[in-house]
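# Observations on the three-dimensional arrangement
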Amino acid sequence: MKKTLQTISNIKGLTYLFVIFFIVILSASYFKWESAITENIYYLALKEARTNFRKDVIYRRWNAKEGGVYVPVSNYTKPNEYLDVPNRDIETKKGMKLTLVNPAYMTRLVHEIENVGDSVSGHITSLKPIRPENKPDKWETNALLKFEKGVKEYSSLENKNGKITLRYMAPLMTEKPCLKCHAEQGYKLGDVRGGISIDIPFQTYSSIAQERKKSILILHLIIGFIGLLAAYIVYKINQKHKEALKQSEEMYRTLFYENPLGALYYDKNGVILDCNEAFVKIIGSSKKALIGLDMLKQLDNKGIIDAVKSSLKEGKGNYEGDYSSITADKTNSVKVVFKGIKNSMGEIISGIGLVEDVTEQAKARSIIEDMLRDVEISSEELKGKNIELEEARKVAMDLVDELKDEIEERSRIESELKESEERHRLISNLTSDYIFNAKILNDGSVQTYWVSGSFQKITGYTLDEYEAVGGWRALLYPDDIELDKAAFDKISNNEKATVDVRIFNKSGDIIWVRSQSSPIWSEKENKL
């Protein structure tokens, strides 16, 4: 009982620790999601910049492949003074003047159309520009120098003209058609001839990120509220059980220690753990000598030993007769009732005994019997004496039943406490958003058989669409494939695995997921 109350007190402290731990974990989760959203938004802006760069490269390559294109001379498209090639300017038979537009000139004209307002803008540049206006700025110079060292692309968020801008740049490599205009600058096939920088206004992406972060914050606040509410409920349940156990302990102490009958409490091996003063008085010994006494091994009274064994095996045992104390020089006539105490599983884990000293009653019975031999006492008088004795026994048995009920109630409360602790543990181990089942086929491939929960909401795919695009590995963010392989290796060795990775959902967004996998092992085939 005392140990159970101490456990309940410890639960209060553990509840406080859980709340602190829960808040820390929830906060860490929010900041991790916030970081992931920022990274995802940056990736989307970077993707747009790469698309614009590839577009510029494609039409430049077409222009170079055709050897340039002739367009009518106009105020917008004037002859390129930096293009020194034969037949740069020609005139048709009808008198229309045409000028040759090479890839660099074409790129510049397109960028001039783009570079209006707050839209995407581009700039073609080089460390050796033919046209002075194509000279790189400080950021572009730094990028071009990195390209000379083998870097494939360069990007960063910069404050440009007072606005946050994603700046992206990739190199332009010298191809065979390029040498027509740039061979005299010393370029060779495969050299870094320059680059195209793309500027993406980041305000729109920042607004999207703020909305997503707001949604994640609300979600975490809801989870936090549910978690704290659960902790509060567990705490209140714990308090109720604590009060119930305190009351139960008081009742137990009253019934056990203040009982006029001798009472003893013993374990499943028959060793006395506790007793009241009435029992000490009946035995004529001391409490110190009785605590720890092994009744099954140390007693020499077969009737009492059999009664104790019966209580531990069948739940009840009785003895009535003389008992000579092994811890004191005293012999009494006693009536003893032993009751087994069961746990929530129905197993007998200990027992309690009630001892009634019937020495005086035995003497009275002996005197009555002697008197019956000397004088003829009517059968009605003797019956009356027996009724009195039977009433005394009934009172004792009623006390036994009351004490047994109280002990069983105590076990029930302790069982309920264990169940509340289990509920607390289940609330703390809040699980994932969806569950899946997959099978390893003979060829080593993985096939998902079913999913449940928010699978489609999270990934955007139905199960059939998910399998059609290639399943889990096809959705993985490239940098996280090795992490996933390491987790799969653990599962293949019959170990549980948990891994945090990024995946692409159906809309192309990057999302973080935590995959917790448990292997289903075939003992017969010794494989996953």
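Here the structure is a predicted model, which means the values were calculated and not measured. (Residues numbered from 1 in each chain as written. Predicted model: local features only at pLDDT ≥ 70, side-chain atom pairs only at ≥ 80, totals over all residues. Heavy atoms only, no water.)

The next thing to look at is the overall build of the protein chain. Helices and strands together make up the secondary structure of the protein chain, namely 15 helices and 16 strands. Within the protein chain, buried positions represent 38% of all 528 residues. Counting contacts in the protein chain only where the partners sit at least 6 residues apart, residues at least 24 apart contribute 55% of the total. (Helix = DSSP H or I, 4+ residues; strand = E, 2+ residues; numbered from the N terminus. Buried < 20%, exposed > 50% of the residue type's maximum accessible area, 1.4 Å probe, protein only. Contact = heavy atoms within 4.5 Å.)

Attention now moves to the sheet that holds strand S5 (residues 154-160). The strand order across the open sheet formed by four strands is S4-S7-S6-S5, and the pairing between neighbours is antiparallel. Taken across any chain shown, the strands that pair with only one partner, and hence form the sheet edges, are strand S4 (121-125) and S5. Going across the sheet, the axis of each strand differs from the next one's by a mean of 25°, ignoring polarity. Pairing between strand S6 (residues 163-173) and strand S7 (residues 192-201): nine bridges, direction antiparallel. Across the sheet, the residue bridging to Tyr168 is Ile198, located in S7. (Pairing = 2+ DSSP bridges. Axes fitted to C-alpha atoms, helices over the stretch in contact; angles between N-to-C directions.)

Taken together, three strands build an open sheet; the order of strands is S1-S3-S2 and the sheet is antiparallel. The open sheet is flanked by strand S1 (69-72) and strand S2 (89-91), the only strands paired with a single partner. The average undirected angle you get between the axes of adjacent strands in this sheet is 35°. Summarising the sheet, S1 and strand S3 (residues 97-101) pair through four bridges and their orientation is antiparallel. Bridge pairing in S3 links Pro72 to Leu98.

On the secondary structure map, Ser121 appears in strand S4. Owing to a relative accessible area of 17%, Ser121 belongs among the buried residues under this scheme. Once residues lying within four places of it in the same chain are set aside, the contact partners of Ser121 are Asn115, Ser197, Ile198 and Asp199.

We now examine the environment of Tyr265. Within the secondary structure, Tyr265 is located in strand S8 (residues 262-267). Distance from Tyr265 to Ser350, taken between C-alpha atoms, is 7.6 Å for residues 85 residues apart in sequence. Not counting residues up to four positions away in its chain, the partners in contact with Tyr265 are Tyr252, Phe256, Val271, Ile272, Leu273, Asp274, Ile341, Ser350 and Gly351.

Another point: unusual backbone geometry. Among all residues except glycine, the phi angle is most often negative; among peptide bonds, the trans geometry is most common. The backbone of Asn87 sits at a positive phi, close to 60°, despite the residue not being glycine. Within the secondary structure layout, Asn87 lies in the loop between S1 and S2. Even without glycine at this site, Asn494 takes up a positive phi of about 65°. Relative to the helices and strands, Asn494 resides in the loop between helix H15 (481-492) and strand S15 (497-504). Residue Asn494 is classed as partly exposed on the basis of its relative accessible area, which comes to 37%.

Our next topic: the pattern of salt bridges. Following the criterion strictly, the structure yields 19 salt bridges and no others. Notably, a salt bridge pairs Asp89 with Arg88, separated by 2.8 Å at the nearest N-O pair. In this structure Asp89 comes out as partly exposed when scored by relative accessible area, which is 36%. We classify Arg88 as partly exposed; its relative accessible area is 21%. Within the structure, one salt-bridge network assembled from shared partners comprises Asp137, Glu140, Lys160, Arg167 and Asp199. (Salt bridge = Lys/Arg side-chain N within 4 Å of Asp/Glu carboxyl O.)

Right, let's get into the packing of aromatic side chains. In the structure shown here, the tally under the stated rule is twelve aromatic pairs. With a centroid separation of 6.2 Å and an interplanar angle of 50°, the aromatic rings of Tyr43 and Phe504 are classed as tilted. Linking Tyr43 in helix H1 (residues 2-65) with Phe504 in strand S15, this pair joins segments that are 461 residues apart in sequence. Just above the ring of Trp512 sits the side chain of Lys32; from NZ or CZ to the centre is 5.3 Å. (Phe/Tyr/Trp six-rings, centres within 6.5 Å; stacked < 30°, edge-to-face > 60°. Lys NZ or Arg CZ within 6 Å of the ring centre and 35° of its normal.)

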